[in-house]
Amino acid sequence: MATLASLFAGVATLAASAFAASAQPLTEAKAREIIAPWYSLFNVATRGDVKAIQEQVLAADYESCSGYLPAECWGRDTSIKVVGNFANSIPDMKFDIKEVLVSGDRVVVRGEVTGTPAGDLFGVPHTGKSFRIMAIDIQTIRDGKIAKTFHMENWLSAIGQLRAK
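Think of each chain on its own: its residues are numbered from 1, step by step along the sequence as written. Totals for whole chains, interfaces and linings use all residues, but because this is a predicted model, local features are given only for residues with pLDDT of at least 70 and pairs of side-chain atoms are given and counted only at 80 or more. Side-chain numbers here rest on the full set of heavy atoms in the structure, without hydrogens or water.

A. Structural view of a nonpolar patch on the surface. For patches, a residue must show more than 30% relative accessible area and have no salt bridge; joins then use 9 Å for like charges and 5 Å for nonpolar side chains, namely Val, Leu, Ile, Met, Phe, Trp and Tyr. Note on areas: these come from Shrake-Rupley sampling with a 1.4 Å probe, and a residue is covered only by the protein chains present in the view. By salt bridge we mean one thing: a side-chain nitrogen of Lys or Arg within 4 Å of a carboxyl oxygen of Asp or Glu. A cluster of nonpolar residues, M134, I136, I138 and F150, forms a patch on the protein surface that exposes about 320 Å² of accessible area. Secondary structure elements are defined from DSSP: runs of H or I of at least 4 residues count as helices, runs of E of at least 2 residues count as strands, and each element is numbered from the N terminus. Top contributing element to the nonpolar patch by residue count: strand 5 (residues 131–142), with three residues. Counting through the fold element by element, M134 comes out in strand 5. Looking at M134, the relative accessible area reads 45%, which means it is partly exposed. Throughout, exposure labels follow a simple rule: accessible area from a 1.4 Å probe, protein chains only, divided by the maximum for the residue type, with under 20% read as buried, over 50% as exposed, and the rest as partly exposed.

Here's what the structure looks like:
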C-alpha cells in the first residue's frame, strides 16, 4: 500500500511541476502584444473592424467596469457598441500608451487620450476645441485574452478644456 501512495505522490508532484513549467509568467512584452489590438480600437483613424478585433482579444465573458458608479460593468457586446461610437463622436480620437506595468495576470496601462469632438460632448456645446486627458486601465488577462477591464478616464478634465475660453 505504501508503494501505491508513493506512486500517486510522485505522479502528483510530476503533474504539478509540469503545470508550473507551462504556466509562464506574463511579461511586459507579452502583455503589450495582447493589449495592442484593444488599444488600436481607440485610435479611430487607424482601427479596423471593431467587432472582429474585440471578439479576437476579449474573452467571451469580458467585463468592462468604469468605476463611475459602484458595480457599473458591461459585457463584450456593449463594449463593442461603446467603442464603435467613438468614431462618430470623436473622429480623431487617439489613445497613446505611456506606461505598462505587469503584476501576475494584471496589466496596468497609463495612457493619454486626445481628440476633437465632432459635436456636443457630455453636454458641452461643440466649439472645435480639442482635449487631452489621462486614462488608467487595469486589465485582467486570462488565456491570452482580456477578461476584465477596470478603467478611469479623466472626462471632467476634457469638459473643462472644451469649455475653456
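Having put the structure on the table, let's press on.
B. Representation of the environment of V113 in the model. As for its placement among the helices and strands, V113 is situated in strand 4 (residues 106–115). Taking relative accessible area as the criterion, V113 reaches 2% and is therefore assigned buried. Residues V113 and W155, 42 residues apart in the sequence, show an inter-C-alpha distance of 9.8 Å. Working rule for contacts: check all heavy atoms of both residues, and any pair within 4.5 Å makes them a contact. Ignoring anything within four residues of it in the chain, the contact list for V113 reads M93, K94, F95, F131, R132, I133 and A135.

C. Molecular detail of the pattern of salt bridges. Overall, the coordinates contain nine salt bridges when judged by the stated rule. For K51, the salt bridge is made with E55, and the minimal N-O distance between the two is 2.7 Å. Pair noted here: K51 and E55 are both in helix 3 (residues 50–57), with a separation of four residues, about one helical turn. Looking at E55, the relative accessible area reads 31%, which means it is partly exposed. One salt bridge in this structure joins E112 and R132, with 2.6 Å as the shortest N-O distance. Highlighted residues: E112 in strand 4 and R132 in strand 5, separated in sequence by 20 residues.

D. Structural context of helix 5 (residues 155–163). Within helix 5, the full set of buried residues consists of W155, A158, I159 and L162. One face of helix 5 carries all of its buried residues, which in axial projection span an arc of 100°. Here, the arc refers to the directions that run from the helix axis to the C-beta atoms.

E. How the structure looks around the packing of helix 2 (residues 28–40) against helix 3. Angular values range over 0 to 180 degrees, each being the angle between N-to-C directions of two axes fitted as lines to C-alpha atoms, with helices fitted over their stretch in contact. Taken N-terminus to C-terminus, the directions of helix 2 and helix 3 make an angle of 155°; their axes are 9 Å apart at the nearest point. Of the possible angle classes, the one that applies to helix 2 and helix 3 is roughly antiparallel. You can see that helix 2 and helix 3 cross each other, and the crossing is left-handed. On helix 3, the residues touching I34, P37 and W38 of helix 2 are I53, Q54 and V57. The scheme is simple: roughly parallel for angles under 35 degrees, roughly antiparallel for over 145, roughly perpendicular for 65 to 115, oblique for anything else. Should the near helix be turned anticlockwise from the far one by less than a right angle, the crossing is termed left-handed; should it be turned clockwise, right-handed.

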